[in-house]
Amino acid sequence: MAQDDVFKKIVAHAKEYGFVFQSSEIYDGLAAVYDYGQNGVELKNNIKRYWWESMTLLHENIVGIDSAIFMHPTIWKASGHVDAFNDPLIDNRDSKKRYRADVLIEEQLAKFDEKIEKEVAKARKRFGESFDEELYKKTNPRVTELVAKRDALHDRFSKALNDNNLDELRQIILDEEIVCPISGTRNWTEVRQFNLMFKTEMGSTADGAMTVFLRPETAQGIFVNYLNVQKTGRMRIPFGIAQIGKAFRNEIVARQFIFRMREFEQMEMQFFVRPGSEMEWFRYWKEWRLRWHKALGMGDEKYRYHDHDKLAHYANAATDIEFEMPFGFKEVEGIHSRTNFDLSQHEKFSGKKIQYFDPELNESYTPYVIETSIGVDRMFLSVLCSSYEEQELEGGDKRVVLHLPAPLAPVKCAVLPLVKKDGLPEAAREIVNDLKFDFTTHYEEKDTIGKRYRRQDAIGTPFCITVDHQTLEDGTVTLRERDSMEQTRVAASELHRIISQKVSINSLLRKLG
Ligand code: GAP
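Conventions we followed
Residues numbered from 1 in each chain as written. Predicted model: local features only at pLDDT ≥ 70, side-chain atom pairs only at ≥ 80, totals over all residues. Heavy atoms only, no water. Helix = DSSP H or I, 4+ residues; strand = E, 2+ residues; numbered from the N terminus. Patch = residues over 30% accessible without salt bridge, like charges linked within 9 Å, V, L, I, M, F, W, Y side chains within 5 Å. Areas by Shrake-Rupley, 256 points an atom, 1.4 Å probe, with all protein chains shown as cover. Salt bridge = Lys/Arg side-chain N within 4 Å of Asp/Glu carboxyl O. Buried < 20%, exposed > 50% of the residue type's maximum accessible area, 1.4 Å probe, protein only. Arc of directions from axis to C-beta. Contact = heavy atoms within 4.5 Å. Polar contact = N/O pair within 3.5 Å; in protein donor to acceptor, adjacent residues only side chain to side chain. Pairing = 2+ DSSP bridges. Axes fitted to C-alpha atoms, helices over the stretch in contact; angles between N-to-C directions.

S.K.: Give me the environment of Gly-351: which residues, what numbers.
M.R.: Positionally, Gly-351 belongs in the loop between helix H12 (341-350) and strand E14 (356-358). Taking the C-alpha atoms as reference points, Gly-351 and Tyr-303, 48 residues apart in sequence, are found 43 Å from one another.

Below is the structure:
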């Protein structure tokens, strides 16, 4: 099945099974804004819990905060967002559609990558076992030509971005003969900068309302609380402050479901370090964050790093952790070495001294910062995409199953009486009443057992517990495992231990040590 079709199916599945709904759907929706349904919110909360506990429980020098969304407008002047938080946009005069100029060029680069990959795949098939991919890429004339073209475009594009050269971006679009996907024409406007922050007003107009911004990142709430936390928590460098919260960006191109939203959630951690030690900590967090992802067991090959060519206005090193979505490898998390830019700027704009006295060095300095920043929604999407499978079963049967990492699953177990009589519902309820204090537990008695299993598979429930007549005699139940569909007979008194082993977030945390 084409990857586009797979993605469409995942989006439809997310709606059908109460994971994600279009916001304001009964009013025809609001672009790039989504609501999480009854299963979505549980999955999202589990992702947040895994992140929060991995930061605050496993690191004794990381504490959390929850800062307000509204902040003093000067914060965004100091941080550079008022002047530099822009995307280059371009319009097609015929379709009247607006695009991000950088995204159009990135898509062109991706086309070269696809062509190269196609050539390599053909050769791999042709040469079989003896195929040497590296050698082939270096020597095959068709591939070397494609690689050279791709690299030249990449260098030109990086330079234009770094120089903030909007004319050059437009020229690249023209030279590469990039067409509007809607009109099919190359009738492009100039490239303009567009600030992504939403504005609103605080206070009544009669009082002279103040223009405030909806935060485009949670990080600034951490920076402006650096002194509060350091002093009240008696924190010693190196230490970190973690936060989970909403962020807002007026994205020009809203596409790919919850991948690029206008209202989304971030999990950010700012780690304050001694100047000069930032690269060592950058490497530490780069490695640690990838381990966090891999511990979920969604496939190590689905991740890769992407080091940045164009650095944000505050960074001296940056890398993305990318995940293989059905529409290609995409950024899920950013790890940035933000220097002392933010704290210095807030010191300058607020007039307050923001320094750390280092007792070991006997000197004061402005700490440097390593940031880890992951989007909850993108993480959610990566989990959903990697879990979705349409399976052909023996006997021509089919099922759709979400192989969610068990600790993230919205429902951990479903208790199903085989029939709605003979005391089986009562026995099943007893089991629910025992398990519900520790696990999200569903009780279902409607439809055949097969249909009930399918419904639980579709929302990724790791265990189904079937209560039958034998249960009444010897206290055992059938425990069905989601992925293997294997059924074993176990004592009901053992359920808590067996389920807990597989679904607890602690088991994930232990992998991280
Ligand atoms: N504080 C740094 C910062 O905000 P970023 O790379 O712009 O860095 C960090 O964003 C993460 O936030 C991204 O890796 C992505 O997961 C998520 N994110 C950013 N923009 C988003 C959007 N429009 N919709 C959903 N998630 C987004």
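S.K.: Describe a nonpolar patch on the surface, listing the residues and the values that go with them.
M.R.: Together, Phe-70, Met-202 and Met-210 make up an exposed nonpolar region whose accessible area comes to about 260 Å². Along the chain, Met-202 falls in strand E7 (residues 199-202).

S.K.: Any chance you could break down helix H8 (residues 166-175) for me, citing the residues and the numbers?
M.R.: When H8 is considered as a whole, its buried residues turn out to be Leu-166, Leu-169, Arg-170, Ile-172 and Ile-173. Projected onto a plane normal to the axis of H8, the buried residues spread over an arc of 155° and lie on a single side. Buried residues along H8 sit against strand E4 (86-91), helix H5 (101-127), helix H7 (141-162) and strand E6 (192-195). N-cap assignment for H8: the residue whose side-chain oxygen lies 3.3 Å from the backbone N of Asp-167 is Asn-165. With its phi angle positive at about 55°, Glu-177 sits one or two positions after the end of H8.

S.K.: Can you break down the side chain of Ser-67 residue by residue, with the values?
M.R.: Tracing the sequence through the fold places Ser-67 in the loop between strand E3 (62-64) and helix H3 (74-78). For Ser-67, a relative accessible area of 11% translates into the label buried. The contacts of Ser-67, once residues within four sequence positions are left out, are Arg-215, Gly-221, Asn-225 and Gln-243.

S.K.: Summarise the environment of Arg-289; cite the residues concerned and give the values.
M.R.: Within the element layout of this structure, Arg-289 appears in helix H11 (residues 278-294). Not counting the four nearest positions on each side in its chain, Arg-289 is found in contact with Trp-51, Ser-54, Met-55, Ile-321, Glu-333, Ile-335, Thr-372 and Ile-374. Looking at Arg-289, its side chain comes within polar contact range of the side chain of Glu-333, at 2.6 Å.

S.K.: Can you break down the sheet that holds strand E5 (residues 98-100) residue by residue, with the values?
M.R.: Here three strands make up an open sheet; going across it, the order is E5-E4-E6 and the pairing antiparallel. What marks the edges here is a single partner per strand, and that holds for E5 and E6. The average angle at which neighbouring strand axes cross in this sheet is 45°, direction not considered. For E4 and E6, the ladder comprises four bridges, and the chain directions are antiparallel. Residue pairing for E6: Asp-87 is matched across the bridge by Phe-194. Here H8 sits on the sheet and contacts E4 and E6; the angle it forms with E4, its principal contact strand, is near 45°.

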